[in-house]
Amino acid sequence: MGQVLWEPGEEQIRQTALWRFMQSLPKPFDDYHDLWEWSISERGPFWQAVWDFTGVIAAVPAERPLGREGMPGTEWFPGARLNFAENLLRRADDGPAIIAAAEGRDTRVISWRELNHRVDGVRRGLLAAGVGEGDRVAALLPNCPEALIGMLAAASIGAVWSSCSPDFGAAGVVDRFGQIEPAVLIAADGYRYNGRAIPLEETLAAVLDGIPPPRAIVIVDYLGRPPRLREEWIGWEEFQQDGADRPEFVPLPFDHPLYIMYSSGTTGPPKSIVHRAGGVLLKHLCEQKLLSDVRPGDRVFWFTTCGWMMWNW
């Protein structure tokens, strides 16, 4: 076994959210391994404790943490109704929600107040396009604020979000979006990489030839190069209607679909993988608040594209 280079002191341990969680339990734990053993032997009580400690917002509480059990098909938090976006948009103040830096673009700071307002504007645009619960909203975007805003707007009404990176190429995008038949396609006019501006006009044309026609095509002005497409499209700023200070959130079942992601496609066509709103929310609260000790005011950065699951994380 290698030499231990560092370990936290008792004072540091007691300052963590995980320690506070361990002490908040009906039977407090002082040892992490004991907590881990309890988490796998008493799954229902453990996840109920995570729900309570992290303050999940739900319009209707669950009847119990665990319903029928089986693999696959385990039922979590039966009867609960919540909205993923509402839990992410708890704040509506002037503190920074997003700090966006990108090659060739000015750094942008979007406050929680502005983020709520923008999400509601896109929510209204989606509703005007006829998008409802279970419809798919697909995005071909760089990792930019418009991607996050679009996802939150889709989640607020119960639509399912799926995204690809613009460097995939048309065939890779069609392999994915062709399976899910998106009601709305949101795409950038291009992206920048390593000093180059790369327009997406040809890629977009090929993608639209290869998937069922969306009800609406929304173009984000990223390069200032509006694409010439056979299909009619609307600009992001026009699609984003004048929003309220806070969006309305549709309360949905715990296992309502939230994301469609994909396998890598190395052994045949990419396989669609559906992730459910309640499970994603609770697992991310556990990973980020308890395991990563992320606190209010901390800044979380992960370098990723919208085609990798770390964007969703």
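Described below are features of the structure shown in this document. Please read all numbers here as calculations on a predicted model, not as lab measurements. (Residues numbered from 1 in each chain as written. Predicted model: local features only at pLDDT ≥ 70, side-chain atom pairs only at ≥ 80, totals over all residues. Heavy atoms only, no water.)

1. With respect to a negative patch on the surface
On the surface, Asp30, Asp31, Asp34 and Glu37 cluster together into a patch of negative charge. For Asp30, the position within the fold is in the loop between helix H2 (17-24) and helix H3 (32-41). Since its relative accessible area comes to 59%, Asp30 is described here as exposed. (Patch = residues over 30% accessible without salt bridge, like charges linked within 9 Å, V, L, I, M, F, W, Y side chains within 5 Å. Areas by Shrake-Rupley, 256 points an atom, 1.4 Å probe, with all protein chains shown as cover. Salt bridge = Lys/Arg side-chain N within 4 Å of Asp/Glu carboxyl O. Lys, Arg positive; Asp, Glu negative; His and termini not counted. Charge placed at Lys NZ, Arg CZ, Asp CG, Glu CD. Helix = DSSP H or I, 4+ residues; strand = E, 2+ residues; numbered from the N terminus. Buried < 20%, exposed > 50% of the residue type's maximum accessible area, 1.4 Å probe, protein only.)

2. Observations regarding a nonpolar patch on the surface
Residues Tyr32, Trp36, Ile40 and Leu291 make up a contiguous nonpolar surface patch of roughly 410 Å² in combined accessible area. With three residues, the top contributor of residues to the nonpolar patch is H3. Structurally, Trp36 can be placed in helix H3. Overall, Trp36 belongs to the partly exposed group, its relative accessible area being 42%.

3. A short note on empty space enclosed by the protein
What the rule picks out here adds up to one cavity of 30 Å³ or more. Considering only enclosed or pocket space, the largest cavity measures out at about 50 Å³ in volume. Around the largest cavity, the lining residues are Leu82, Asn83, Phe84, Ala155, Gly158, Ala159, Leu252, His256, Pro257, Leu258 and Ala277. (1 Å grid on protein atoms, 1.4 Å probe; cavity = no way out; pocket = protein on both sides within 12 Å on 5 of 7 lines; lining within 4 Å. Points joined across faces, edges and corners; volume = space filled by probe spheres on them.)

4. Remarks on the packing of helix H4 (residues 43-54) against helix H11 (residues 277-291)
Where H4 meets H11, the axes come as close as 10 Å, and the angle between the chain directions of the two elements is 70°. Our classification of the angle between H4 and H11 gives roughly perpendicular. Judged by the sense of rotation from one axis to the other, the crossing of H4 with H11 is left-handed. Taking contact as the criterion, the partners of Phe46, Trp47, Val50, Trp51, Phe53 and Thr54 in H4 are, on H11, Leu282, Lys283, Leu285, Cys286, Lys289 and Leu290. Of the residues belonging to the contact of H4 with H11, the class tally is nine nonpolar, one polar and two charged. (Axes fitted to C-alpha atoms, helices over the stretch in contact; angles between N-to-C directions. Parallel < 35°, antiparallel > 145°, perpendicular 65-115°, else oblique. Left-handed = near helix turned anticlockwise from the far one by under 90°. Contact = heavy atoms within 4.5 Å. Nonpolar A, V, L, I, M, F, W, Y, C, P; charged D, E, K, R; others polar.)

5. Concerning the state of the cysteines
Throughout this description, disulfide means a covalent bond between two cysteine sulfur atoms. Per the stated rule, a full pass over the model turns up zero disulfides. We note that Cys144 lacks a disulfide partner, and the nearest cysteine sulfur, in Cys306, lies 6.3 Å from it. What makes Cys144 buried here is its relative accessible area of 6%. (Disulfide = S-S within 2.5 Å.)

6. Re H2
Residues of H2 that are buried: Ala17, Leu18, Trp19, Phe21 and Met22. The inward-facing, buried residues of H2 contact helix H1 (10-14), H3, H4 and H11.

7. Re unusual backbone geometry
The omega angle of the peptide bond from Met71 to Pro72 is 0°, so this bond is cis rather than trans. Its place among the elements puts Pro72 in the loop between H4 and strand S1 (81-82). Although it is not a glycine, Phe77 sits at a positive phi angle of roughly 45°. For Phe77, the position within the fold is in the loop between H4 and S1. One non-glycine residue, Glu181, adopts positive backbone phi at about 50°. On the secondary structure map, Glu181 appears in the loop between helix H8 (170-180) and strand S6 (184-188).

Structural measurements only, silent on function.
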